[in-house]
Each structure stands twice: as C-alpha cells, then as structure tokens.
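Next come the chains, spelled out residue by residue.
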Amino acid sequence: MAEEAEPFLAQAEATDAAELKRADANLAVIAGRVVMLVRSGIGLVNAATATSYVLTTLLDDIPVGMIVSAGTAGGLGTDVRVGDVVVSSETLYSSADATGFGYALGQVPGMPERYTCDRRLVAAAAAAGTPDIPTRTGLVVSSDSFVTAQNVDEVRNQFPEALSTDMESAALSQVAHLFGVPFVSVRGVSDLCGPAASDDHATHVDDASERSAHIVVEMLTQTDV
C-alpha cells in the first residue's frame, strides 16, 4: 500500500519513478544502497507478479542482492504486540492444503514445506530492534484472507508457532526461492487479528509501516548481502 511505501520514500536520498506493469516502482538510494521500491498491491498474486516482473525484465542486467517484504502484518503469537516488528525466519501459505496428496499443511506441491529465509538478513534485521521498536523472529504465514476474529483461531490452531500473518510474504518467499535470491520479511504489527482487526489496522498502519521501514533501513546499513 502507499502507506507502507511512504516511509522509504521519505528516507530516500534520490528517487526515480520506474515504469512497471501492474505496480508502482521507484528506483531509490536508501542508506547508501540502490533499492527498487515496488508497491505491488495487496495479495499473493499481485506480490508474486510484480516481483517476478522486476527480476525478469526491469532488473534483468542488474544483480539483485536481496528481496525484502516490508509493511504491515497482523499479530498471531501470544507474546506479539501492536508496535512489534516481526522478522521472518520461515514462511508458508496458511491456506495451502494438499495434505490429501501427502504434503504438509501449508506446503505448495513441489515446493519446500516451508521457505527458509536468509540467515544473514534475519540476523541483521533482528539485531536492528530497539527498546522502542522490539523485534520478534519466527514463522510468518500468508494467505489471501485478512485474518480477523472469525478465522484467527483456525490459523493459530494449525500453525501455533506462527508470529504474524500477511497477504504477500509467502508469495515473495516462493519467488525468491525460485530465483535463488536471499529473502526476508520485516513487518510492523498493526493489529492482533481480533474483533477490531480492521479498525486497528487502519489506526496503526502508518506507525507500523514506519517501524518496518526503520528496521529495514538499519538492516541495509548492517549487511553487505
């Protein structure tokens, strides 16, 4: 969303709008690093389509050091609070179910049971936390359904170790896996998937986005990936 991209644009030393089908993009210099900031739109297909297009077309001749999923998320873990930033060690699709064919719950046939995120990026993002912006590291799940009080119990029961949920990170993990590019998700928690999840998200989307961007920028300064 625009709110999730704005904190990065505000910190950019230079930006240049880029032509990108089905998404908005800016080539920017942030923390001394060249960043392609892509606002893909909401959802798994939008995220995967935009990222694949960047990797295959727009940046075909430019080496890509990492893919980062930034923005907001809903908190699932019992110790996760609004204002935390969740750093993904692993991701999966909470809505994927091919168990009838012998696959694990959350696994896409032919893909890993879980997508393991780059350890160097995970460590750098986790270390960027502060007392005011605490980080949590663990499993992130994604689907095309916004998780609220109506469906949160099912997600928590199926994936009790999951810390947060969003609608893009697992798709970006799969694209990164297929292209062999290091990946991590760094998302600010805007709501706790409860009865007021939609209202809480709307209230905290700006702050959660700023917290996500703060951790990502610090990560960029601390890693040479």
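Everything quoted here is computed from the prediction, not taken from an experiment.

Parameters and conventions
Residues numbered from 1 in each chain as written. Predicted model: local features only at pLDDT ≥ 70, side-chain atom pairs only at ≥ 80, totals over all residues. Heavy atoms only, no water. Axes fitted to C-alpha atoms, helices over the stretch in contact; angles between N-to-C directions. Helix = DSSP H or I, 4+ residues; strand = E, 2+ residues; numbered from the N terminus. Parallel < 35°, antiparallel > 145°, perpendicular 65-115°, else oblique. Left-handed = near helix turned anticlockwise from the far one by under 90°. Contact = heavy atoms within 4.5 Å. Nonpolar A, V, L, I, M, F, W, Y, C, P; charged D, E, K, R; others polar. Buried < 20%, exposed > 50% of the residue type's maximum accessible area, 1.4 Å probe, protein only. Pairing = 2+ DSSP bridges. 1 Å grid on protein atoms, 1.4 Å probe; cavity = no way out; pocket = protein on both sides within 12 Å on 5 of 7 lines; lining within 4 Å. Points joined across faces, edges and corners; volume = space filled by probe spheres on them. Polar contact = N/O pair within 3.5 Å; in protein donor to acceptor, adjacent residues only side chain to side chain.

Draft legend 1. Expanded view of the packing of helix α2 (residues 44-58) against helix α5 (residues 169-179). Closest axis-to-axis distance for the α2/α5 pair is 8 Å, and the angle between their directions is 30°. The angle between α2 and α5 places the two elements in the roughly parallel class. Considering the relative orientation of α2 and α5, their crossing is right-handed. Contact residues: Leu44, Ala47, Ala48, Thr51, Ser52, Leu55 and Thr56 in α2; Ala171, Leu172, Val175 and Phe179 in α5. Along the lines of polarity and charge, the residues of the contact of α2 with α5 split into 8 nonpolar, 3 polar and no charged.

Draft legend 2. Main features of the environment of Thr51. Relative to the elements of secondary structure, Thr51 occurs in helix α2. Accessibility expressed as a relative area gives 13% for Thr51, which makes it buried. The spacing of Thr51 and Leu121 is 70 residues in sequence and 18 Å in space, taken between C-alpha atoms. Setting aside residues up to four positions removed in sequence, Thr51 forms contacts with Ile67, Leu172 and Val175.

Draft legend 3. Layout of the sheet that holds strand β3 (residues 33-39). The strand order across the open sheet formed by 3 strands is β1-β2-β3, and the pairing between neighbours is antiparallel. Since the sheet does not close on itself, it has two edges, and those belong to β1 (14-18) and β3, each with one partner. Sheet twist, expressed as the mean angle between neighbouring strand axes with direction ignored, is 20°. Across the sheet, helix α1 (residues 2-11) is in contact with β1, β2 (24-30) and β3; its angle to β3 comes to roughly 165°.

Draft legend 4. Broad picture of the layout of surface pockets. The computed volume of the largest pocket comes to approximately 1,200 Å³. What lines the largest pocket is a set of 49 residues, and nearest its centre among them are Met36, Val38, Val68, Ser69 and Ala70. The set of elements that each furnish at least two residues to the lining of the largest pocket consists of α1, β2, β3, α2, β4 (67-75), β8 (162-166), β9 (183-191) and α6 (197-222). Here the lining of the largest pocket is built from residues that sort into 31 nonpolar, 11 polar and 7 charged. Together, Ser94, Ser95, Ala96, Asp97, Leu105, Ser143, Ser145, Val147, Asn151, Glu154, Val155 and Gln158 line the second largest pocket.

Draft legend 5. Main features of the side chain of Asp118. Assignment of secondary structure puts Asp118 in the loop between β6 (115-116) and α3 (119-127). Asp118 sits in the buried class, given a relative accessible area of 14%. Polar contacts involving the side chain of Asp118 include one to the main-chain amide nitrogen of Leu121, which spans 3.1 Å. Beyond its immediate chain neighbours, meaning those up to four positions away, Asp118 contacts Pro182, Phe183 and Val225.

Draft legend 6. Molecular detail of the packing of α1 against α6. In contact at an axis separation of 8 Å, α1 and α6 are set at 45° when each is read in the N-to-C sense. Classed by the angle they form, the pair α1 and α6 counts as oblique. Every pair of crossing elements has a handedness; the one defined by α1 and α6 is right-handed. Here Glu3, Glu4, Pro7, Phe8 and Gln11 of α1 come into contact with α6, specifically with Val205, Asp206, Ser209, Glu210, Ala213, Val216 and Val217. For the contact of α1 with α6, a count of residues per class yields 6 nonpolar, 2 polar and 4 charged.

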